[in-house]
Amino acid sequence: MSGDRVGAAPRKAEDPTLRAYRLWFEHTRKCDDCKRVRQASAGCEDGRALWGTYRLACVGHSAMDGTSTTTETPREPS
Ligand SMILES: [Zn+2]
């Protein structure tokens, strides 16, 4: 067999949680409102909606997958 190195699993589909986080993160880079605030919940409507999607994805993910090892809270923009 080849290409089965540990930690180098091929990407079939992007993790919905990561995807939601990336969408929010990209928004905060472009949005003046969200760039300034210290917490996602204090951002603009779009930012809060994106953050809410991410939080929901987190909850759904951990509810369906009890083996999740990612318990770290992602950093919010400062
Ligand atoms: Zn925003």
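Residues numbered from 1 in each chain as written. Predicted model: local features only at pLDDT ≥ 70, side-chain atom pairs only at ≥ 80, totals over all residues.

Draft legend 1. A look at the overall build of the protein. Along the protein, the regular secondary structure elements total 3 helices and 0 strands. In sequence order, the protein lays out its α and β elements as α-α-α. Sorting the 78 residues of the protein into buried and exposed places 15% on the buried side. Partitioning the intrachain contacts of the protein with sequence separation of at least 6 by distance along the chain shows that 43% fall at a separation of at least 24. (Helix = DSSP H or I, 4+ residues; strand = E, 2+ residues; numbered from the N terminus. Buried ≥ 20, exposed ≤ 12 C-beta atoms within 10 Å, placed from the backbone. Contact = placed C-beta atoms within 7 Å.)

Draft legend 2. Region of interest: the confidence of the model for the protein. Across the protein, pLDDT averages 80, with 65% of residues at or above 70. For the protein, the element scoring lowest by mean pLDDT is helix 3 (residues 45-64), at 88; helix 1 (residues 16-30) scores highest, at 95. (pLDDT = per-residue confidence, 0-100.)

Draft legend 3. View of helix 1. The end-to-end C-alpha distance of helix 1 is 21 Å, a good match for the 21 Å that 15 residues give at a rise of 1.5 Å each. If you check which residues of helix 1 are buried, you get Thr17, Ala20, Trp24, His27 and Thr28. Viewed end-on, helix 1 has its buried residues packed into an arc of 100°, placing them on one side of the element. Turned more than 90 degrees from where helix 1 packs its buried face, Glu26, Arg29 and Lys30 sit exposed. (Expected span 1.5 Å × (residues − 1). Arc of directions from axis to C-beta.)

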